[in-house]
Amino acid sequence: MSDDEGAARARAVLAAAFGGPDDDPAADAAAAPGEDDVRVWAAPGRVNLIGEHTDYNAGLCLPIALPHRTYVALRPRTDSLVRLASAQAPGETWTARLEDVAPGEVAGWGSYVAGVAWALREHLVAQGADPASITGFDAAVDSSVPFGAGLSSSAALECSVAVALDDVAGLGLSASDAGRAVLAAASVRAENEIAGAPTGGMDQSAALRARAGHALLLDCRPGLDPVESAEQVPFDLDAAGLALLVVDTRAEHRLVDGQYAARRATCEDAARTLGLASLRDLADAVDASDDPAGTLAVSLDKLPDDVARRRVRHVVTEIGRVRELVALLREGRPDAVGPLMNASHASLRDDYEVSSVELDVAVDAARVAGALGARMTGGGFGGSAIALVRADQVETVADAVRAAFEREGLGAPGFLLATPSAPAERVV
Ligand code: GLA
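A brief look at the structure comes next. (Residues numbered from 1 in each chain as written. Predicted model: local features only at pLDDT ≥ 70, side-chain atom pairs only at ≥ 80, totals over all residues. Heavy atoms only, no water.)

1. Concerning the site of the ligand
Every residue close to the ligand is listed here: Arg-46, Glu-52, His-53, Asp-55, Tyr-56, Thr-199, Gly-200, Met-202, Asp-203, Tyr-260, Gly-378 and Gly-379. Taking Gly-200, its main chain carries an N or O atom lying 3.0 Å from an oxygen atom of the ligand. Here Gly-379 contributes a backbone N or O atom positioned 3.3 Å from an oxygen atom of the ligand. Burial of the ligand by the protein chains amounts to 94% of its free accessible area of 310 Å². Looking at the shell around the ligand residue by residue, the classes come out as three nonpolar, five polar and four charged. (Near = heavy atom within 4 Å. Polar contact = N/O pair within 3.5 Å; in protein donor to acceptor, adjacent residues only side chain to side chain. Areas by Shrake-Rupley, 256 points an atom, 1.4 Å probe, with all protein chains shown as cover. Nonpolar A, V, L, I, M, F, W, Y, C, P; charged D, E, K, R; others polar.)

Take a look at the structure:
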């Protein structure tokens, strides 16, 4: 979907659901004199190159923004009503009043959208500014980010709305990386507190702070200023003759929320047992040690059970792999990162236990067919895998994965190519 197409489709959904501004006396006619003048914003999905389940452990991760985007056509209102429509839910609308949006009060997909408005209002209040600059709005979305594929369709939705409301309210946050960090934090609050998903901050930061041609090295320690928390690492796949093939396993997610929350709780308990603020502190100690394996082993011995030991070992070794992969990219050796991707997958499968049959089949088949490296990406339990392949081997690897799924009696997977793309922005 090109930006023009995405914008036209989002506008058409808006007009079909809520009519033009003339039909709605409450709409801000000055901001939207006609249907074609309704503005549209977009935000991308993401894949993570490495650094999985590290963000909520104050760790490091390395996402890129996808060319696939969620588009939101949005028209501010003079009252506090929020009315939403989506091409993905034809004929349905979602409605709430801004003053009724609070933790536990709204549900459904609209909570991701209204949650961002709520979080921006909270931000303004905390700044001593007037929250009333965030008014109600009519909005419609369409998206080329596959839904439920572990490619952060929910963060793309939140972040498209975040840049839209920022623009409409004249806050100017999208204009700088520091402002974008604020929008990312508001989007995370929407997801955690209003939509009720206990995720970390990687996806929203990728959607708002990534850059085309780069991977985003995120340092998720709380309280860092934006300059310290994000670094752009050049990642030019074309120039290196490489491609990043995404395999959407189309596997049904089961128990995702409960399992994700359980992993997070185990990590937080383990950090407490070790007397640390987060597992990042252990990762840093291991990284600085002359005897990394010994330093890790001493801490693992203090943990109460084997499950906790394996979860912690994943987080600590994964943070180390992010550092190693970034070092290779900085040396201009993107074709050397495959073994780190493979090790990340093994750790997620065996120690963190968040892979699935479909992800393992995708990763194994891709490697046998010549991928330089492959791993699951995102939260796991279904979703997508990524394979780094020579550009001329994309078809061969995709065919091999397709054949392996058929052999194993699995449903047909989907494929897309990930090129490091632009972050959330206004498109028309
Ligand atoms: C999901 C979450 C992220 C992150 C990943 C795992 O995508 O939304 O915050 O924790 O899982 O790395």
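Further notes follow.
2. A short note on the nonpolar core
Residues Val-47, Leu-62 and Leu-244 are the most contacted members of the largest nonpolar core, which totals 76 residues. The greatest single-element share of this core, amounting to ten residues, is contributed by helix H10 (residues 306–330). Beyond its immediate chain neighbours, meaning those up to four positions away, Leu-62 contacts Asn-48, Leu-49, Ile-50, Ala-215, Leu-216, Leu-217, Val-233, Leu-325, Val-326 and Leu-329. Core analysis: the next-biggest nonpolar cluster, separate from the first, contains 40 residues, Val-72, Val-101, Phe-137 and Ala-184 among them. (Core = buried A, V, L, I, M, F, W, Y, C linked by side-chain atoms within 4.5 Å. Buried < 20%, exposed > 50% of the residue type's maximum accessible area, 1.4 Å probe, protein only. Helix = DSSP H or I, 4+ residues; strand = E, 2+ residues; numbered from the N terminus. Contact = heavy atoms within 4.5 Å.)

3. As for the packing of aromatic side chains
In this structure the tally under the stated criterion is one aromatic pair. With a centroid separation of 5.3 Å and 65° between ring planes, the pair formed by Tyr-56 and Tyr-260 is classed as edge-to-face. Linking Tyr-56 in the loop between strand E1 (40–48) and strand E2 (60–61) with Tyr-260 in helix H7 (residues 256–273), this pair joins segments that are 204 residues apart in sequence. (Phe/Tyr/Trp six-rings, centres within 6.5 Å; stacked < 30°, edge-to-face > 60°.)

4. Notes on the environment of Tyr-260
Residue Tyr-260 is classed as buried on the basis of its relative accessible area of 12%. Separated by 48 residues in the primary sequence, Tyr-260 and Ala-212 place their C-alpha atoms 30 Å from one another.

5. Some details on helix H1 (residues 3–18)
Compared with an ideal rise of 1.5 Å per residue, which puts 16 residues at 22 Å, H1 spans 22 Å between its outermost C-alpha atoms and is within 8% of the ideal. Looking only at H1, the buried set comprises Gly-6, Ala-7, Ala-10, Arg-11, Val-13, Leu-14 and Phe-18. Axial view of H1: buried residues confined to an arc of 160°, hence all on one face. Of the exposed residues in H1, the ones pointing more than 90 degrees away from its buried face are Asp-4 and Ala-16. Residues of H1 that are buried sit in contact with E1, strand E3 (63–76), strand E4 (81–86), strand E5 (93–97) and strand E6 (137–143). A positive phi of about 75° marks Gly-19, the residue just after H1. (Expected span 1.5 Å × (residues − 1). Arc of directions from axis to C-beta.)

Read these as spatial facts, not as claims about activity.
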